[in-house]
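Fold and geometry: a report
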Amino acid sequence: MATPNIPLWEVFIRSRNGLAHKHVGSLHATDATLALQAARDIYTRRGEGLSIWVVPSNAITASDPSEKGMMFEPAESKIYRHPTFYDVPDEVGHM
Amino acid sequence: MYTQALNTSDGDDRHIEDAARATQFQARIDADERIEPNDWMPAAYRKTLTRQISQHAHSEIVGMLPEGNWITRAPSLRRKAALLAKVQDECGHGLYLYAAAETLGSSREELVDAMLAGKAKYSSIFNYPTLTWADIGTIGWLVDGAAIMNQIPLCRCSYGPYARAMIRVCKEESFHQRQGFEIMLTLCRGTDEQKAMAQDALNRWWWPVLMMFGPPDQVSQHSDTSTKWKIKRFSNDELRQKFVDATVPQAQFLGLTIPDPDMKQNANGNWEYSAIDWDEFKQVLAGNGPCNRDRLAARRKAHEDGAWVREAAMAYAEKRRQRSALQAAE
Amino acid sequence: MTAANIQVSETPLVLYTLRRADDALILGHRLSEWCGHAPMLEEDMALANMGLDLLGQARELYSYAAKVEGKDNDEDKFAYLRDVRQYRNLLLLEQPNGDFARTMVRQFFYAAFADLYWRAMMRSTDATLAAIAAKSEKESAYHVRHCSEWIIRLGDGTEESHRRTQAAIDELWAFTGEMFSVDDSERGLIDTGIAIDPATLRPQWLKTVSGVVREATLVLPDNNWMQQGGRSGRHSEHLGHLLSELQSMQRTFPGATW
């Protein structure tokens, strides 16, 4: 008999105060409480974390890589959104 | 811990795919771009990686058994804590690797079931027994040393989730080889009996460790696709030579003799080793190693004995869902 | 050189410290037996973490006992060169792992006590014990949390898991009383504030345990006969086998350094 699947969770950890939570990996757990404990036991064994988020993997909505042209390329031409687009003489100093 | 020996590609059953997409895919690989889970990829790339990563994961989990055999007998509390932490790391590494394999579309349960059914391979090295405490030192020193040779290039593998898992694994494993070497050094500086124990362990593990790198390049089956896809960056023989060259001076430092009397250093500084008994390797891969049956039996027992626990947790989660649905309806 | 048993000068403080060290070592050893064999990989990680916490506690306590004793004993001599009659751990902790329910119930009964115990010991007038307590309390608190969650799931999971967990409670209950008992050698330490009186912890322990057991749809046994003996070296038969494995290297190769 095939082994029944236990749900997959994605783990995000804040390593230091002031930093954002960062994806560190995945794990299997039947519910959120066990998922959080498993994340602690698996991903913070070397003092890597101060705060943990766990999210059911199937709750993540992801963009489709095949649409990356439509999704992301239009932003590439908007160079006026970057400070380097503008000329300010050196003698003005840091701005 | 190790999968180099198990790589085989699926060049033969590759489906006819959109030639343009395949060309584009190869162009991305050639440009050193990373491939991510939802990206288009050739079916053979997916299949090769699923097999390689899951075999790597199985190796980590089965690899817990020979070392786990000595946790309860470790000769000092310091050694006991270090060994438990090391074997626990291997469990973690198996877990990271299963998760990387899962991004390719197979569940951990499917992958584990295949291993338990004897359909998926794991590294041949774990089918040898750990008979003395010196075996624990030797595994850390040589088996982990060989694993590191293989795993460092995998950190740059073209498949993003695998490369990321390997970066984490390599970072954590940095203490494993040192732990093993320290055990060997203590034995070699100890009593005559301890030194003999260390030499005996080296004698038994040396050749199986060299086999870990897989068949020689001239008979290695189509590793060209793995190289083309940047899953594999060095050949079996290249890595084996690198390992031997790194290990010989360490053995000399320990005062141990590598069980290969004809070994000599050539003009390039490489240590030339004698012929490897590939029949033994084939027998172990075919299931005839000294511990194949014990290893599979131990994993099956853990899986079967744990079934009621996993079922209970699933049943509880389902009850909770139903209760909160009822509460919401009230 | 021989691998004979060491002699320990069991002054009240040495004995007191050794008892807690033995508790941590024996339970940590039991947990380490699971490594590679747990019901799922995530739980293999968790059991090893708890085992490592306990091994760490044992090492600190043994080192302190050695310092207080002031002879040439050390953590390894205490662990590897005392026989069954010299071990001072609670009977509960040497009980075999059994199935996962048995392991979790054993861990839960002890952790629920240890958490309260170490929290109280943070006020010990002995600075070293107070410092060990501060570290151990956090570890035990997590063990309570982890085991509680499992007991609730096992009790309120399937029929089989309920049956197994109830059986584990029924089997292990008689070993819980020993955690709260005190002998004359400890009484003096309690009077000077070095130790705390564990009997004062029992109401809170019972509250925690009953709460979790109730939520798990399980029951505590009516039988209040409690087994005693571990603290004075009268153990169950299980400990001898555990020690023969734990100590095999030190006994086979007397005096060697590893």
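Sequence positions are assigned chain by chain, starting from 1 and proceeding in written order. Each chain takes a letter, starting from A, and each ligand takes a number, starting from 1, following the order in which they are written. Per-residue local features are limited, in this predicted model, to residues with pLDDT of at least 70; the limit for side-chain atom pairs, both in listing and counting, is 80 or more; totals at the level of whole chains, interfaces and linings are taken over all residues. Remark: hydrogens and water are excluded; side-chain values derive from all non-hydrogen atoms of the structure.

Along the backbone of chain B there are 13 helices and two strands. If one aligns the C-alpha atoms of chain B with their principal axes, the spans along those axes are about 75 × 50 × 35 Å. Within chain B, contacts between residues separated by at least 24 positions form 81% of all contacts whose residues are at least 6 apart in sequence. Computed with the Shrake-Rupley method and a 1.4 Å probe, the accessible areas treat only the protein chains shown as cover for residues. Within the structure as shown, chain B displays about 13,400 Å² of accessible surface, and the carbon and sulfur contribution to it stands at 52%. Within this scheme the basic residues Lys and Arg register as positive and the acidic residues Asp and Glu register as negative, but His and the chain ends are omitted. By convention, the charge on Lys lies at NZ, on Arg at CZ, on Asp at CG and on Glu at CD. Of the charged side chains in chain B, 41 are positive and 43 negative; the average position of the first set lies 4 Å away from that of the second. Going along the chain from the N terminus, every DSSP run of H or I of four or more residues is numbered as a helix, and every run of E of two or more is numbered as a strand. The criterion used for residue contact is that any of the two residues' heavy atoms lie within 4.5 Å.

On to the side chain of T50 of chain B, then. Its location among the elements puts T50 of chain B in helix α2 (residues 43-62). Polar contact is the term for a pair of N or O atoms within 3.5 Å; when the atoms are in protein, one must be able to donate a hydrogen and the other to accept it, and sequence-neighboring residues count only if both atoms are side-chain atoms. Within the local environment of T50 of chain B, its side chain forms a polar contact with the backbone oxygen of R46 of chain B, the two atoms lying 2.7 Å apart.

Right, let's talk about the interface of chain A and chain B for a bit. By a widespread convention, an interface's size corresponds to the accessible area lost as its parts come together. On the chain B side, the residues contacting the 21 residues of chain A number 21 residues. Buried area between chain A and chain B, summed over both chains or domains, comes out near 1,900 Å², and the portion from carbon and sulfur atoms is 53%. Of all residues in chain A, T3, H28 and R45 of chain A give up the largest surface area on contact with chain B, accounting jointly for 29% of the area buried on that side. Two residues, R168 of chain B and E48 of chain A, come together in a salt bridge whose shortest N-O distance is 3.7 Å. Put simply, buried area is the surface a 1.4 Å probe can reach on two separate parts but cannot reach once they are joined, added for both. A side-chain nitrogen of Lys or Arg and a carboxyl oxygen of Asp or Glu constitute a salt bridge if their distance falls within 4 Å.

Along an α-helix, residues three or four apart share an orientation, since each turn contains 3.6 residues. For helix α4 (residues 77-102) of chain B, with 26 residues, the first-to-last C-alpha span of 37 Å sits near the 38 Å given by 1.5 Å per residue. For every residue, the accessible area obtained with a 1.4 Å probe (protein chains only) is divided by the maximum for its type, and the residue is called buried under 20%, exposed over 50%, and partly exposed between those limits. A large share of α4 of chain B lies buried, amounting to 23 of its 26 residues. Given a helix with a known number of residues, its expected span is that number minus one, times 1.5 Å.

A complete count under the given rule lists 43 salt bridges over all chains for this structure. With its nearest N and O atoms 3.1 Å apart, the salt bridge here joins K230 of chain B to D32 of chain B. With a gap of 198 residues between them, K230 of chain B in the loop between α9 (224-228) and α10 (236-254) and D32 of chain B in the loop between α1 (19-30) and α2 connect regions that are remote in the sequence. For R323 of chain B, the salt bridge goes to D156 of chain C, with nearest N and O atoms at 2.9 Å. With R323 of chain B in helix α13 (residues 307-329) and D156 of chain C in the loop between α6 (127-155) and α7 (159-172), this residue pair bridges two chains. Overlapping salt bridges bring together R45, R46 and E48 of chain A together with D89, R168 and E172 of chain B as one network.

Bringing the interface of chain C and chain B into the picture now. Chain C puts 47 residues into the contact, and the matching count from chain B is 44 residues. For the pair chain C and chain B, the summed buried surface comes to about 4,000 Å²; carbon and sulfur atoms form 69% of the total. For the pair chain C and chain B, the interface holds three salt bridges. Between R108 of chain B and E42 of chain C there is a salt bridge; the shortest N-O distance is 2.6 Å. At the boundary of chain C and chain B, one finds 17 residue pairs in polar contact (both at pLDDT 80 or more). Looking at the side of chain C that touches chain B, the elements with two or more residues in it are α1 (12-32), α2 (41-69), α3 (75-80), α5 (100-121), α6, α7, α10 (238-246) and α11 (248-252) of chain C. The dominant element in the side of chain C that touches chain B, judged by the number of residues it contributes, is α2 of chain C, at 11 residues.

When two cysteine sulfur atoms are found within 2.5 Å, that pair is recorded as a disulfide. Summed over the entire model, instances satisfying the criterion amount to zero disulfides over all chains. C170 of chain B takes part in no disulfide bond, and the closest cysteine sulfur to it belongs to C155 of chain B, at a distance of 3.6 Å. Given the relative accessible area of 19%, C170 of chain B is considered buried. Not part of a disulfide, C35 of chain C finds its nearest cysteine sulfur in C91 of chain B, a span of 7.2 Å.

With that settled, consider unusual backbone geometry. Positioned with a positive phi, D32 of chain B is a non-glycine residue whose angle comes to about 60°. Positioned with a positive phi, K230 of chain B is a non-glycine residue whose angle comes to about 55°.

Residue and element names in this part refer to chain B. Comment: axis = line fitted to C-alpha atoms, over the contacting stretch for helices; angle = value between 0 and 180 degrees taken between N-to-C directions. Running from N to C, α2 and α4 point in directions that differ by 160°, and their axes come no closer than 8 Å. Regarding the angle of α2 to α4, the classification is roughly antiparallel. With respect to the hand of their crossing, α2 and α4 are arranged in left-handed fashion. Of α4, the residues touching α2 (which contributes I53, S54, H56, A57, H58, E60 and I61) are E90, C91, H93, G94, L97, Y98, A100 and A101. The residue classification treats Ala, Val, Leu, Ile, Met, Phe, Trp, Tyr, Cys and Pro as nonpolar and Asp, Glu, Lys and Arg as charged. All others, Gly included, are polar. A breakdown of the residues in the contact of α2 with α4 according to their chemical character gives eight nonpolar, five polar and two charged. Orientation labels follow simple angle bins: below 35 degrees gives roughly parallel, above 145 gives roughly antiparallel, 65 to 115 gives roughly perpendicular, and whatever is left gives oblique. Helix crossings get a hand from a simple test, with the near helix turned counterclockwise from the far one by less than a right angle marking a left-handed crossing and a clockwise turn marking a right-handed one.

This next bit is on the packing of aromatic side chains. Residues and elements named next belong to chain C. Pairing of aromatic rings covers Phe, Tyr and the six-membered ring of Trp, with a centre-to-centre limit of 6.5 Å; geometry is then stacked below 30 degrees between planes, edge-to-face above 60, and tilted otherwise. Tallied over the entire structure, the rule returns 28 aromatic pairs over all chains. Where F108 meets F109, the ring centres are 6.4 Å apart and the plane angle is 35°; that geometry is what we call tilted. Each member of the pair, F108 together with F109, is buried. Here the aromatic residues F108, F109, Y110, F113, Y117, W118, W173, F180 and W205 are joined through ring pairs into a cluster of three or more. Think of it as a cone above the ring: NZ of Lys or CZ of Arg counts as a charge over the ring if it is within 6 Å of the ring centre and within 35 degrees of the ring normal. A cation over an aromatic ring shows up here: R20 above the ring of Y16, its NZ or CZ 3.9 Å from the ring centre.

It is worth spelling out the packing of helix α7 (residues 160-188) of chain B against helix α8 (residues 192-211) of chain B at this point. Residue and element names in this part refer to chain B. It is at 7 Å that the axes of α7 and α8 come closest, and there the two elements cross at 135°. One finds that α7 runs oblique with respect to α8. Judged by residue contacts, M184, L187 and C188 of α7 engage Q194, K195 and A198 from α8. Tallied by class, the residues present in the contact of α7 with α8 amount to four nonpolar, one polar and one charged.

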